Amino acid sequence: SEKDEKKKGDPGLTITGSLGNVMKESIQIAHTYAKYVIYKGFDSKYLEMNDIHIHFPDGASKKDGPSACMAITSALISLALDQPLPSDLAMTGEISLNGKILKIGGIREKVLAAKREGMTKVMLPAGNQADVDDFSDYIKEGVEFHFVNHYDEAMKILFPNLT
């Protein structure tokens, strides 16, 4: 039906790349939640008025989990507000539709990858704090950890001059 079709010229979200269904759903949640964050606290219509195209190129890492949702949400908010994200901070975490940051798997590997890429700060779900507490000291060394329960807490870390 006509109401279910995207009107020509209407902005939307395009997702491409080698992605599974869970990842596609996470990107859609990130887009919806980013629009909500912008709507409730900022004067920007960027995400509503512009086409957004998110592409994940083929690579060695499997891309079918919810863990990138916090990072994608943050990238979209950064884009909409024209505010850069900290270049020394890595993040991972699933976001619920109401902004709760949910525990994920593979924390050790993700922290090691962040360290390998030169990140000095890592933001993780609060539910994963026990995982980090169990890490050997050499994994934690040189990394400042931020644990968040809700995306509002992430906003304060990512955009301190805006909150």
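Since the structure is predicted, the reported quantities are computational estimates derived from the model, not experimental observations.

Criteria and thresholds
Residues numbered from 1 in each chain as written. Predicted model: local features only at pLDDT ≥ 70, side-chain atom pairs only at ≥ 80, totals over all residues. Heavy atoms only, no water. Helix = DSSP H or I, 4+ residues; strand = E, 2+ residues; numbered from the N terminus. Expected span 1.5 Å × (residues − 1). Buried < 20%, exposed > 50% of the residue type's maximum accessible area, 1.4 Å probe, protein only. Contact = heavy atoms within 4.5 Å. Core = buried A, V, L, I, M, F, W, Y, C linked by side-chain atoms within 4.5 Å. Salt bridge = Lys/Arg side-chain N within 4 Å of Asp/Glu carboxyl O.

Enquirer: Before we go on, may I ask you to explain helix 1 (residues 21–41) in this structure?
Expert: Residues lying three or four places apart along an α-helix face the same way, a consequence of the helix completing one turn every 3.6 residues. With 21 residues, helix 1 ought to run about 30 Å at 1.5 Å a step, and its terminal C-alpha atoms sit 30 Å apart, in line with that. Among the residues making up helix 1, those that are buried are Met-23, Ser-26, Ile-27, Ala-30, His-31, Tyr-33, Ala-34, Val-37 and Ile-38. Residues of helix 1 that are buried make contact with strand 1 (13–17), helix 2 (46–49), strand 2 (52–56), helix 3 (69–81), strand 4 (94–95) and helix 7 (151–158).

Enquirer: In this structure, what is going on with the nonpolar core? I would like to understand it.
Expert: In globular proteins that are soluble, nonpolar side chains generally tend to be buried together. Among the nonpolar cores identified, the biggest contains 30 residues, and Met-70, Ile-72, Ile-77, Met-123, Tyr-151 and Leu-158 are the most heavily contacted of them. Of all the secondary-structure elements, those providing two or more residues to this core are helix 1, strand 2, helix 3, strand 3 (89–91) and helix 7. Discounting residues that sit within four places of it in the chain, Ile-77 has contacts with Ala-34, Val-37, Ile-38, Tyr-151, Met-155 and Phe-159. Counting 13 residues, the second-largest nonpolar core is a separate cluster that includes Val-111, Val-122, Val-143 and Phe-145.

Enquirer: Help me understand the pattern of salt bridges in this model?
Expert: Close approach of charged atoms lets side chains of opposite charge pair. Overall, the coordinates contain two salt bridges when judged by the stated rule. Between Lys-40 and Asp-152 there is a salt bridge, with its nearest N and O atoms 3.2 Å apart. Of this pair, Lys-40 sits in helix 1 while Asp-152 sits in helix 7, and the two are 112 residues apart along the sequence. Judged by relative accessible area, which is 41%, Lys-40 ranks as partly exposed. The partner of Asp-88 in a salt bridge is Lys-121, with the nearest N and O atoms 3.4 Å apart. Of the two residues, Asp-88 sits in the loop between helix 3 and strand 3 while Lys-121 sits in strand 6 (residues 121–125), which places them 33 residues apart along the sequence. The exposure class assigned to Lys-121 is partly exposed, which follows from its relative accessible area of 26%.

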